[in-house]
Amino acid sequence: MIFDGSLLTHLHNARHIVVFTGAGVSAESGIPTFRDAQTGLWTHHDATDLASPQGFQRDPALVWGWYEWRRMKVLRAEPNPAHLAIADLAGQVERLTLVTQNVDDLHERAGSGDDIIHLHGSIHQPRCFACARPYAYPAGIPDEPEGGRRIEPPRCSHCNGRIRPGVVWFNESLPEGAWAKAKQAGGDCDVLFSVGTSSLVWPAALLPGIAAQRGATVIQVNPDETDLDDVAHYNLRGKAGELLPALLDVLRKFVP
Ligand code: OAD
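Computed from a predicted model, the values in this text were never measured in an experiment. (Residues numbered from 1 in each chain as written. Predicted model: local features only at pLDDT ≥ 70, side-chain atom pairs only at ≥ 80, totals over all residues. Heavy atoms only, no water.)

> Which parts of the structure should I look at to understand the site of the ligand?
Taken together, 21 residues lie around the ligand, and Arg35, His120, Val168, Thr197 and Ser198 are the ones closest in. The contact in question runs from an oxygen atom of the ligand to an N or O atom on the side chain of histidine 120, over 2.7 Å. Interatomic distance of 2.7 Å between a side-chain N/O atom of threonine 197 and an oxygen atom of the ligand. Here the ligand has 800 Å² of accessible area as a free molecule, and 92% of this is covered by the chains. Taken atom by atom, the bulk of the ligand overlaps the largest pocket. Each residue belonging to the shell around the ligand can be placed in one class, and the counts come to eight nonpolar, nine polar and four charged. A domain-level breakdown of the shell around the ligand finds at least three residues from each of domain 1 (1-29 + 78-121 + 174-256) and domain 2 (32-76 + 127-164). (Near = heavy atom within 4 Å. Polar contact = N/O pair within 3.5 Å; in protein donor to acceptor, adjacent residues only side chain to side chain. Areas by Shrake-Rupley, 256 points an atom, 1.4 Å probe, with all protein chains shown as cover. 1 Å grid on protein atoms, 1.4 Å probe; cavity = no way out; pocket = protein on both sides within 12 Å on 5 of 7 lines; lining within 4 Å. Sits in = over half its atoms within 2 Å of the grid points. Nonpolar A, V, L, I, M, F, W, Y, C, P; charged D, E, K, R; others polar. Domains from an automatic or database assignment.)

> When you look at helix 7 (residues 81-90) in this model, what are you seeing that I'm missing?
In an α-helix there are 3.6 residues to a turn, and that puts residues three or four apart on one side. Taken residue by residue, helix 7 has Ala82, His83, Ala85, Ile86, Ala87 and Leu89 as its buried positions. Buried-residue contacts for helix 7 involve strand 1 (16-21), helix 2 (24-27), strand 2 (95-100), helix 8 (106-109), strand 6 (191-195) and helix 11 (240-253). (Buried < 20%, exposed > 50% of the residue type's maximum accessible area, 1.4 Å probe, protein only. Helix = DSSP H or I, 4+ residues; strand = E, 2+ residues; numbered from the N terminus. Contact = heavy atoms within 4.5 Å.)

> Would you take a moment to explain the packing of aromatic side chains for this structure?
Given two aromatic rings, one states the distance between the centres and the angle between the planes to describe the pair. Applying the stated criterion across every chain yields a total of eight aromatic pairs. Plain terms: the ring middles of phenylalanine 56 and phenylalanine 129 are 5.0 Å apart, the flat faces sit at 45 degrees to each other, and that makes the pair tilted. On the criterion of sequence distance, the pair formed by phenylalanine 56 in helix 5 (residues 53-58) and phenylalanine 129 in the loop between strand 4 (127-128) and strand 5 (163-164) is long-range, its members being 73 residues apart. For phenylalanine 56, a relative accessible area of 2% translates into the label buried. For the pair tyrosine 135 and tyrosine 137, a centre-to-centre distance of 5.9 Å together with 85 degrees between the ring planes defines the contact as edge-to-face. Feature note: the residues Phe34, Phe56, Trp66, Tyr67, Trp69, Phe129 and Trp169 constitute an aromatic cluster, connected by ring pairs. Stacked on the ring of phenylalanine 34, the Lys or Arg arginine 70 has its end atom at 4.4 Å from the ring centre. (Phe/Tyr/Trp six-rings, centres within 6.5 Å; stacked < 30°, edge-to-face > 60°. Lys NZ or Arg CZ within 6 Å of the ring centre and 35° of its normal.)

> Looking at this structure, I do not really get unusual backbone geometry. What am I missing?
Where the residue is not glycine, phi is negative for most of them; where a peptide bond is considered, it is trans in most cases. Here tryptophan 202 and proline 203 are connected by a cis peptide whose omega angle stands at 0 degrees. Here proline 203 is to be found in the loop between strand 6 and helix 10 (207-213). For alanine 132, which is not glycine, the phi torsion reads 70 degrees and is therefore positive. One can find alanine 132 in the loop between strand 4 and strand 5. The phi angle at asparagine 171 is positive, at roughly 70 degrees, despite the residue not being glycine. As for its placement among the helices and strands, asparagine 171 is situated in the loop between strand 5 and helix 9 (178-188). In this structure asparagine 171 comes out as exposed when scored by relative accessible area, which is 65%.

> I would appreciate a short explanation of the nonpolar core in the present structure.
A general tendency of soluble globular proteins is for nonpolar side chains to be buried together. Ranked by internal contacts, the top residues of the largest apolar core, which has 29 residues, are Leu11, Ile17, Phe193 and Leu244. Where this core is concerned, the elements lending two or more residues are helix 1 (5-13), strand 1, helix 7, strand 6, strand 7 (217-221), strand 8 (234-236) and helix 11. Broken down by element, the residue count for this core peaks at six residues, all from helix 11. Setting aside its immediate chain neighbours within four residues, leucine 244 contacts Ala82, Ala85, Ile86, Phe193, Val195 and Val221. Counting residues in hydrophobic clusters, the runner-up holds 20 residues, among them Ala182, Ala185, Val218 and Ala232. (Core = buried A, V, L, I, M, F, W, Y, C linked by side-chain atoms within 4.5 Å.)

Dropping the structure here:
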(Lines give C-alpha, C1' and ligand atoms only; values in the text may rest on other atoms or scores of the structure.)
Protein backbone atom coordinates (compact mmCIF):
# COMPACT_ATOMS: atom_id res chain seq x y z
CA MET A 1 0.00 0.00 0.00
CA ILE A 2 1.32 3.44 -0.87
CA PHE A 3 0.67 6.45 1.38
CA ASP A 4 1.18 10.09 0.53
CA GLY A 5 4.54 11.38 1.79
CA SER A 6 2.97 14.55 3.24
CA LEU A 7 0.50 12.45 5.25
CA LEU A 8 3.39 10.43 6.69
CA THR A 9 5.24 13.65 7.56
CA HIS A 10 2.21 15.00 9.43
CA LEU A 11 1.96 11.75 11.38
CA HIS A 12 5.68 11.59 12.05
CA ASN A 13 5.69 15.16 13.43
CA ALA A 14 2.47 14.88 15.43
CA ARG A 15 2.73 15.23 19.20
CA HIS A 16 -0.96 14.68 19.94
CA ILE A 17 -3.16 12.45 17.80
CA VAL A 18 -6.90 12.02 18.30
CA VAL A 19 -8.43 8.83 16.97
CA PHE A 20 -12.20 9.14 16.60
CA THR A 21 -13.97 5.88 15.82
CA GLY A 22 -17.42 4.65 14.82
CA ALA A 23 -19.15 1.35 14.17
CA GLY A 24 -17.00 0.66 11.08
CA VAL A 25 -13.96 -0.01 13.28
CA SER A 26 -15.77 -2.98 14.84
CA ALA A 27 -17.31 -4.21 11.55
CA GLU A 28 -14.41 -6.58 10.89
CA SER A 29 -15.00 -8.10 14.34
CA GLY A 30 -18.44 -9.17 13.10
CA ILE A 31 -20.52 -6.42 14.74
CA PRO A 32 -22.89 -4.95 12.18
CA THR A 33 -22.70 -1.18 11.70
CA PHE A 34 -25.88 0.77 12.38
CA ARG A 35 -26.66 1.42 8.77
CA ASP A 36 -25.92 -2.24 7.84
CA ALA A 37 -28.06 -3.52 10.68
CA GLN A 38 -30.96 -1.37 9.68
CA THR A 39 -30.84 -2.45 6.06
CA GLY A 40 -30.86 -6.08 7.24
CA LEU A 41 -32.63 -7.86 10.02
CA TRP A 42 -33.99 -4.75 11.65
CA THR A 43 -35.11 -3.11 8.46
CA HIS A 44 -38.70 -2.53 9.64
CA HIS A 45 -37.62 -0.15 12.37
CA ASP A 46 -36.14 3.27 12.14
CA ALA A 47 -33.47 4.56 14.49
CA THR A 48 -35.94 6.32 16.77
CA ASP A 49 -37.87 3.06 17.37
CA LEU A 50 -34.68 1.39 18.55
CA ALA A 51 -32.64 4.21 20.03
CA SER A 52 -34.76 6.77 21.86
CA PRO A 53 -36.44 6.98 25.28
CA GLN A 54 -39.78 7.33 23.47
CA GLY A 55 -39.12 4.15 21.46
CA PHE A 56 -38.29 2.27 24.68
CA GLN A 57 -41.45 3.49 26.39
CA ARG A 58 -43.54 2.49 23.37
CA ASP A 59 -42.07 -0.99 23.00
CA PRO A 60 -39.47 -1.97 25.64
CA ALA A 61 -39.25 -5.60 24.48
CA LEU A 62 -38.40 -4.55 20.91
CA VAL A 63 -35.62 -2.24 22.10
CA TRP A 64 -34.23 -4.65 24.72
CA GLY A 65 -34.24 -7.45 22.12
CA TRP A 66 -32.24 -5.30 19.67
CA TYR A 67 -29.62 -4.43 22.29
CA GLU A 68 -29.39 -8.00 23.59
CA TRP A 69 -28.77 -9.11 20.00
CA ARG A 70 -25.93 -6.56 19.72
CA ARG A 71 -24.57 -7.32 23.21
CA MET A 72 -24.28 -11.03 22.43
CA LYS A 73 -22.36 -10.18 19.26
CA VAL A 74 -20.02 -7.95 21.29
CA LEU A 75 -19.45 -10.63 23.95
CA ARG A 76 -18.48 -13.14 21.27
CA ALA A 77 -16.36 -10.71 19.24
CA GLU A 78 -12.61 -10.18 19.38
CA PRO A 79 -10.70 -6.98 18.63
CA ASN A 80 -9.59 -6.85 14.99
CA PRO A 81 -6.38 -5.48 13.41
CA ALA A 82 -7.84 -1.96 13.36
CA HIS A 83 -8.37 -1.91 17.15
CA LEU A 84 -4.89 -3.39 17.62
CA ALA A 85 -3.26 -0.84 15.29
CA ILE A 86 -4.87 2.03 17.22
CA ALA A 87 -3.54 0.63 20.50
CA ASP A 88 -0.14 0.24 18.85
CA LEU A 89 -0.14 3.81 17.52
CA ALA A 90 -0.48 5.10 21.09
CA GLY A 91 2.96 3.66 21.80
CA GLN A 92 4.48 5.60 18.92
CA VAL A 93 3.29 9.12 19.70
CA GLU A 94 3.71 11.46 22.66
CA ARG A 95 -0.02 11.63 23.31
CA LEU A 96 -3.03 9.83 21.83
CA THR A 97 -6.64 10.45 22.79
CA LEU A 98 -9.13 7.82 21.73
CA VAL A 99 -12.72 9.01 21.32
CA THR A 100 -15.29 6.45 20.27
CA GLN A 101 -18.97 6.42 19.46
CA ASN A 102 -18.98 2.68 19.98
CA VAL A 103 -20.66 1.11 22.97
CA ASP A 104 -18.57 -2.06 22.78
CA ASP A 105 -15.32 -2.62 24.71
CA LEU A 106 -13.15 -3.82 21.85
CA HIS A 107 -10.73 -0.86 22.10
CA GLU A 108 -10.20 -1.68 25.80
CA ARG A 109 -9.68 -5.35 24.99
CA ALA A 110 -7.17 -4.40 22.26
CA GLY A 111 -5.04 -2.67 24.89
CA SER A 112 -6.02 0.97 24.45
CA GLY A 113 -6.33 1.49 28.21
CA ASP A 114 -9.18 2.65 30.40
CA ASP A 115 -9.29 6.36 29.63
CA ILE A 116 -11.11 6.03 26.32
CA ILE A 117 -13.82 8.64 25.83
CA HIS A 118 -17.06 6.76 25.11
CA LEU A 119 -19.38 9.43 23.72
CA HIS A 120 -22.36 7.09 23.45
CA GLY A 121 -22.04 5.07 26.68
CA SER A 122 -21.51 1.34 27.12
CA ILE A 123 -23.63 -1.65 26.23
CA HIS A 124 -22.18 -3.38 29.31
CA GLN A 125 -23.56 -0.86 31.81
CA PRO A 126 -27.35 -1.09 31.84
CA ARG A 127 -29.38 0.84 34.39
CA CYS A 128 -32.94 1.30 35.55
CA PHE A 129 -35.05 3.45 33.24
CA ALA A 130 -36.93 4.83 36.25
CA CYS A 131 -34.38 5.27 39.06
CA ALA A 132 -31.08 5.01 37.09
CA ARG A 133 -29.54 2.48 39.51
CA PRO A 134 -27.01 0.25 37.76
CA TYR A 135 -28.05 -3.30 36.92
CA ALA A 136 -25.68 -6.29 36.90
CA TYR A 137 -26.17 -8.82 34.13
CA PRO A 138 -26.20 -12.44 35.25
CA ALA A 139 -22.72 -13.97 34.78
CA GLY A 140 -21.94 -15.93 31.62
CA ILE A 141 -22.75 -15.52 27.96
CA PRO A 142 -26.34 -16.44 27.10
CA ASP A 143 -27.25 -17.78 23.67
CA GLU A 144 -27.39 -15.17 20.96
CA PRO A 145 -31.03 -14.26 20.27
CA GLU A 146 -32.18 -14.22 16.67
CA GLY A 147 -32.16 -10.78 15.11
CA GLY A 148 -35.59 -9.21 15.32
CA ARG A 149 -36.64 -11.09 18.48
CA ARG A 150 -38.44 -9.17 21.20
CA ILE A 151 -37.21 -9.75 24.77
CA GLU A 152 -38.80 -8.32 27.93
CA PRO A 153 -36.23 -6.25 29.83
CA PRO A 154 -35.42 -7.35 33.38
CA ARG A 155 -36.80 -5.35 36.31
CA CYS A 156 -34.91 -3.20 38.81
CA SER A 157 -34.56 -4.89 42.21
CA HIS A 158 -35.07 -1.52 43.96
CA CYS A 159 -38.05 0.08 42.24
CA ASN A 160 -39.28 -2.57 39.78
CA GLY A 161 -38.63 -0.18 36.89
CA ARG A 162 -37.56 -1.59 33.54
CA ILE A 163 -33.84 -1.97 32.90
CA ARG A 164 -32.56 -0.08 29.86
CA PRO A 165 -29.28 -0.32 27.95
CA GLY A 166 -26.51 2.01 29.17
CA VAL A 167 -26.16 3.71 25.82
CA VAL A 168 -26.97 7.23 24.69
CA TRP A 169 -30.15 7.50 22.67
CA PHE A 170 -31.45 10.20 20.39
CA ASN A 171 -32.84 13.13 22.41
CA GLU A 172 -30.47 12.33 25.31
CA SER A 173 -27.34 14.10 26.53
CA LEU A 174 -23.90 12.57 26.20
CA PRO A 175 -22.31 11.20 29.39
CA GLU A 176 -21.24 14.06 31.65
CA GLY A 177 -17.90 15.53 30.72
CA ALA A 178 -17.36 13.23 27.73
CA TRP A 179 -18.12 15.79 25.02
CA ALA A 180 -16.14 18.53 26.80
CA LYS A 181 -13.09 16.25 26.99
CA ALA A 182 -13.47 15.21 23.35
CA LYS A 183 -13.76 18.83 22.18
CA GLN A 184 -10.73 19.82 24.21
CA ALA A 185 -8.67 17.00 22.68
CA GLY A 186 -9.98 17.83 19.19
CA GLY A 187 -8.97 21.47 19.63
CA ASP A 188 -5.52 20.55 20.89
CA CYS A 189 -4.39 17.78 18.52
CA ASP A 190 -2.11 17.94 15.48
CA VAL A 191 -3.76 15.04 13.66
CA LEU A 192 -7.27 13.60 13.94
CA PHE A 193 -8.14 10.23 12.45
CA SER A 194 -11.82 9.63 11.76
CA VAL A 195 -12.22 5.87 11.40
CA GLY A 196 -15.34 3.96 10.37
CA THR A 197 -18.01 6.51 11.01
CA SER A 198 -20.70 7.81 8.68
CA SER A 199 -20.30 11.25 10.33
CA LEU A 200 -24.05 11.68 10.55
CA VAL A 201 -24.79 11.76 14.27
CA TRP A 202 -24.31 15.01 16.15
CA PRO A 203 -22.63 16.33 18.20
CA ALA A 204 -20.01 13.55 17.74
CA ALA A 205 -19.74 14.22 14.01
CA LEU A 206 -18.61 17.79 14.72
CA LEU A 207 -15.31 16.65 16.24
CA PRO A 208 -13.20 16.41 13.04
CA GLY A 209 -14.39 19.88 11.98
CA ILE A 210 -13.38 21.31 15.36
CA ALA A 211 -9.91 19.82 14.94
CA ALA A 212 -9.61 21.06 11.34
CA GLN A 213 -10.59 24.59 12.36
CA ARG A 214 -7.79 24.62 14.93
CA GLY A 215 -5.28 23.62 12.26
CA ALA A 216 -5.12 19.83 12.75
CA THR A 217 -4.71 17.49 9.82
CA VAL A 218 -7.80 15.30 9.40
CA ILE A 219 -7.40 11.80 7.99
CA GLN A 220 -10.49 9.75 7.23
CA VAL A 221 -10.46 5.95 6.94
CA ASN A 222 -13.64 4.58 5.38
CA PRO A 223 -14.45 2.39 2.38
CA ASP A 224 -17.33 4.71 1.44
CA GLU A 225 -17.89 8.38 0.85
CA THR A 226 -19.22 10.34 3.84
CA ASP A 227 -20.16 13.90 4.72
CA LEU A 228 -16.64 14.32 6.08
CA ASP A 229 -14.97 13.90 2.68
CA ASP A 230 -14.82 17.64 2.02
CA VAL A 231 -13.41 18.47 5.47
CA ALA A 232 -10.79 15.70 5.60
CA HIS A 233 -7.33 16.49 4.23
CA TYR A 234 -6.80 12.83 3.37
CA ASN A 235 -9.46 10.27 2.52
CA LEU A 236 -8.10 6.74 2.77
CA ARG A 237 -10.66 4.49 1.10
CA GLY A 238 -10.70 0.98 2.44
CA LYS A 239 -11.22 -1.17 5.48
CA ALA A 240 -9.75 0.04 8.74
CA GLY A 241 -8.44 -3.45 9.58
CA GLU A 242 -6.34 -3.40 6.41
CA LEU A 243 -5.41 0.27 6.08
CA LEU A 244 -4.39 1.08 9.65
CA PRO A 245 -1.90 -1.77 10.17
CA ALA A 246 -0.38 -1.04 6.72
CA LEU A 247 -0.08 2.66 7.55
CA LEU A 248 1.60 1.94 10.87
CA ASP A 249 4.01 -0.39 9.22
CA VAL A 250 5.05 2.28 6.71
CA LEU A 251 5.19 4.93 9.43
CA ARG A 252 7.61 2.86 11.52
CA LYS A 253 10.09 2.79 8.65
CA PHE A 254 9.48 6.36 7.53
CA VAL A 255 12.42 8.74 7.35
CA PRO A 256 11.30 12.31 6.60
P1 OAD B 1 -22.71 3.98 10.98
O2 OAD B 1 -23.33 2.64 10.87
O3 OAD B 1 -23.54 5.18 10.73
O4 OAD B 1 -21.49 4.09 9.97
C5 OAD B 1 -20.50 3.12 9.89
C6 OAD B 1 -19.46 3.59 8.90
O7 OAD B 1 -18.42 2.64 8.89
C8 OAD B 1 -19.95 3.74 7.46
O9 OAD B 1 -19.54 5.01 6.94
C10 OAD B 1 -19.24 2.60 6.71
O11 OAD B 1 -18.89 2.96 5.39
C12 OAD B 1 -17.99 2.45 7.57
N13 OAD B 1 -17.36 1.12 7.51
C14 OAD B 1 -17.95 -0.09 7.31
N15 OAD B 1 -17.04 -1.07 7.35
C16 OAD B 1 -15.84 -0.47 7.61
C17 OAD B 1 -14.51 -0.95 7.78
N18 OAD B 1 -14.22 -2.26 7.71
N19 OAD B 1 -13.54 -0.04 8.01
C20 OAD B 1 -13.81 1.28 8.09
N21 OAD B 1 -15.04 1.78 7.93
C22 OAD B 1 -16.05 0.92 7.70
O23 OAD B 1 -22.00 4.03 12.41
P24 OAD B 1 -21.54 5.31 13.24
O25 OAD B 1 -21.01 6.38 12.35
O26 OAD B 1 -20.67 4.82 14.34
O27 OAD B 1 -25.44 6.15 18.09
O28 OAD B 1 -22.91 5.77 13.84
C29 OAD B 1 -22.93 6.84 14.72
C30 OAD B 1 -23.97 6.62 15.77
O31 OAD B 1 -25.23 6.36 15.13
C32 OAD B 1 -23.75 5.40 16.63
O33 OAD B 1 -22.86 5.62 17.70
C34 OAD B 1 -25.13 5.15 17.14
C35 OAD B 1 -25.94 5.35 15.87
O36 OAD B 1 -27.22 5.81 16.09
C37 OAD B 1 -26.11 5.83 19.18
O38 OAD B 1 -26.42 4.68 19.46
C39 OAD B 1 -26.41 7.00 20.03
